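Single-letter residue listing:
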2 protein chains.
Amino acid sequence: MAQTQKTRYAILGALTVFPMSGYDIKKWIKDTTGSFWAESSGRVYPMLSEMLREKFVTCNLTQSVGKRCKKTYTITAKGKAALKTWLTKPPQPTVSRDELRLKLFYGKNLTKAQYLKHTLEQQKNMQQRLKYYQKIQAHIKTAHNDISDSFYWLLTIKGAIYHARAELAWCKDIHKIMASKDLASLKKSHKSISFT
Amino acid sequence: MAQTQKTRYAILGALTVFPMSGYDIKKWIKDTTGSFWAESSGRVYPMLSEMLREKFVTCNLTQSVGKRCKKTYTITAKGKAALKTWLTKPPQPTVSRDELRLKLFYGKNLTKAQYLKHTLEQQKNMQQRLKYYQKIQAHIKTAHNDISDSFYWLLTIKGAIYHARAELAWCKDIHKIMASKDLASLKKSHKSISFT
DNA sequence: GATTACATGTAAGTTGTTACATGATTAA
DNA sequence: TTAATCATGTAACAACTTACATGTAATC
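For clarity, every value in this text was computed on a predicted model and none was experimentally measured. (Residues numbered from 1 in each chain as written. Chains lettered and ligands numbered in written order. Predicted model: local features only at pLDDT ≥ 70, side-chain atom pairs only at ≥ 80, totals over all residues. Heavy atoms only, no water.)

Draft legend 1. Looking closely at the overall build of chain A. For chain A, the count of helices and strands is 8 helices and 2 strands. Going residue by residue from the N terminus, the α and β elements of chain A occur as α-α-α-β-β-α-α-α-α-α. Here chain A holds 196 residues, and 46% of them are scored as buried. For chain A, the share of sequence-separated contacts (at least 6 apart) that also reach a separation of at least 24 residues comes to 57%. (Helix = DSSP H or I, 4+ residues; strand = E, 2+ residues; numbered from the N terminus. Buried < 20%, exposed > 50% of the residue type's maximum accessible area, 1.4 Å probe, protein only. Contact = heavy atoms within 4.5 Å.)

Draft legend 2. Representation of the nonpolar core within the structure. Among the nonpolar cores identified, the biggest contains 104 residues, and W28(A) and W28(B) are the most heavily contacted of them. Among all residues touching W28(B), those that are not within four sequence positions of it are F105(A), Y106(A), A14(B), V17(B), F18(B), M20(B), T33(B) and W153(B). (Core = buried A, V, L, I, M, F, W, Y, C linked by side-chain atoms within 4.5 Å.)

Draft legend 3. Representation of the packing of aromatic side chains. Applying the stated criterion across every chain, the model contains 18 aromatic pairs over all chains. Look at F151(A) and Y152(A): their rings are 5.1 Å apart centre to centre, the planes differ by 80°, and that puts the pair in the edge-to-face class. With relative accessibility at 6%, the residue Y152(A) sits in the buried group. Taking 6.3 Å as the distance between ring centres and 55° as the angle between the ring planes, the aromatic pair formed by Y132(B) and Y133(B) counts as tilted. In this arrangement the basic side chain of K103(A) is found over the ring face of W86(B), its NZ or CZ atom lying 4.2 Å from the centre. (Phe/Tyr/Trp six-rings, centres within 6.5 Å; stacked < 30°, edge-to-face > 60°. Lys NZ or Arg CZ within 6 Å of the ring centre and 35° of its normal.)

Draft legend 4. Quick look at the interface of chain A and chain B. With 81 residues of chain A in contact, the opposing surface of chain B contributes 82 residues. Together chain A and chain B conceal approximately 8,200 Å² of surface at their shared face, both sides included; 65% is due to carbon and sulfur atoms. Here chain A and chain B share 8 salt bridges between them. D173(A) is the salt-bridge partner of K158(B), the closest N and O atoms lying 3.2 Å from each other. (Buried area = accessible area lost by both parts, 1.4 Å probe. Salt bridge = Lys/Arg side-chain N within 4 Å of Asp/Glu carboxyl O.)

Draft legend 5. How the structure looks around the relation of the copies chain A and chain B. Between the two copies, chain A and chain B, the superposition gives an RMSD of 0.0 Å; the rotation angle is 180° and the shift along the axis is 0.0 Å. Considering both components of the superposition, the chain copies are consistent with a two-fold axis. Using C-alpha coordinates, one finds that chain A approaches the rotation axis most closely at S96(A), a distance of 2.7 Å. Looking at chain A, 100% of its interface residues are interface residues in chain B too, so the copies touch through the same face. (Least-squares fit on C-alpha atoms with pLDDT ≥ 70 in both.)

Draft legend 6. Here's a closer look at unusual backbone geometry. Residue and element names in this part refer to chain A. Not every positive phi belongs to a glycine, and K55 is a case in point at roughly 65°. Among the structural elements, K55 can be located in the loop between α3 (41–53) and β1 (57–63). The exposure class of K55 is exposed, given its relative accessible area of 58%.

Draft legend 7. Here's a closer look at the confidence of the model for chain A. Residues and elements named next belong to chain A. Taken over all residues, the pLDDT of chain A has a mean of 88, while the share at 70 or more is 85%. At the level of individual helices and strands, chain A shows its lowest average pLDDT in helix α8 (residues 186–189), which scores 49, and its highest in helix α5 (residues 99–105), which scores 97. Across residues 187–196, where pLDDT falls below 50, the model places 20 contacts with residues more than four positions away in sequence or in other chains. (pLDDT = per-residue confidence, 0-100.)

Draft legend 8. Representation of helix α4 (residues 77–88) of chain A in the model. When the terminal C-alpha atoms of α4(A) are compared, their 17 Å separation across 12 residues agrees well with the 16 Å that a helix rising 1.5 Å per residue should span. Along α4(A), the residues that are buried comprise G79(A), A82(A), L83(A), W86(A) and L87(A). The buried residues of α4(A) occupy an angular sector of 135° when the element is viewed end-on, so they sit on one face. In this fold, the buried residues of α4(A) make contact with α1 (6–15) and β2 (69–75) of chain A together with α5 (99–105) and α6 (112–143) of chain B. (Expected span 1.5 Å × (residues − 1). Arc of directions from axis to C-beta.)

Draft legend 9. Focus on the domain arrangement of chain A. All names here are of chain A. Domain assignment breaks chain A into domain 1 (6–88) and domain 2 (99–192). Residue-level contacts link 5 residues of domain 1 with 6 residues of domain 2. Taking both partners together, domain 1 and domain 2 bury about 380 Å²; carbon and sulfur atoms supply 58% of that area. Area buried by domain 1 at its contact with domain 2 is led by V17, D31 and S35, which between them contribute 69% of it. The interface formed by domain 1 and domain 2 holds 0 salt bridges in total. Put simply, domain 1 and domain 2 have 2 residue pairs in polar contact (both at pLDDT 80 or more) between them. Here the residues of the side of domain 1 that touches domain 2 sort into 3 nonpolar, 1 polar and 1 charged. (Domains from an automatic or database assignment. Polar contact = N/O pair within 3.5 Å; in protein donor to acceptor, adjacent residues only side chain to side chain. Nonpolar A, V, L, I, M, F, W, Y, C, P; charged D, E, K, R; others polar.)

Written out as structure tokens, the structure is:
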């Protein structure tokens, strides 16, 4: 019964930073909250129209460089109120589908090489992410003087960094365990794997 | 174009452990891979019928305790082959929607108390999870002698434990930062927040 | 006597993605 | 000149959830 429609709040949140067009919003969401939130244009544009009808946002046309018109949306007091109401509600734990973990869980059905291919790829991805996060972090610290937002962004990035580090530590552990033992000898020693 | 249908593989994976009924499968998925994978009965039962037609599984009726009949599904060679093909493919990074993170990212729009309510709740949840994982971990180590599976399960749990620990460390950091500074003084000192 | 667990399934609705259509501008 | 970015939007489809229907058996 309870309609979530979280796309709505992801958009409203973005508009508390500054007014944006649909295109901007999609890009913003990808660039800032991309590691834990995604929206497609097929949702953003219809949702903006809906929220315009509901007076959660206002729209004014701005001419961008050429003749193309750009619709810049601004959040209203009503929109802000709706956002705040949602923000204060306890977040419902969405069980994400982590494909990597599912594949590794049923790793019995993979060869050692296939298994390691997945974890090495994950390790590489997490290393890249970590670098990306640290770059963003430095960027926010230096370029942003609008404290009210950037304080919270830094805390969020910190969480992302911790997450990436945990994934890296996990991958390393796996590689250590897989490298030191061949699968045939695991029967004897698997119980001694350290789980500190 | 590329149809994912991951429910299919979550089920097939479960059936590589032992034959199960639809009810068992749903319970199994929840109990073992529940922290990173979810399936609803509205998907499990139709998918089992579909896979029966495709000869990925076979079905035989077993009388459970009373008169209720139970359909026990067994994975076929064809099903195993399909699973292995999928397992070896690089997992596509599904961007989950982490509601907590979105809410904290736009934390500017929350009061300090509201913000802390979310992070304290997350801390509590992660502590509970951690205990749960450690219980399961101990259980697998002692009760399971079928090494081929349990080795991979232990590695997966290790990842879950690392993840929970990272979340806990993050929450603690947030509480430290939020406690030591009142929001009014943040303007001066936010750049000195340690991001080690 | 009530609730929970077992057990299978369907139907309606929601939510979301992908691909497409359209076209300007800008950089390699 | 080819591709990428800017810019808005729709239509078709895919995927998933929730609530319901139905009934047994065990436990509290």
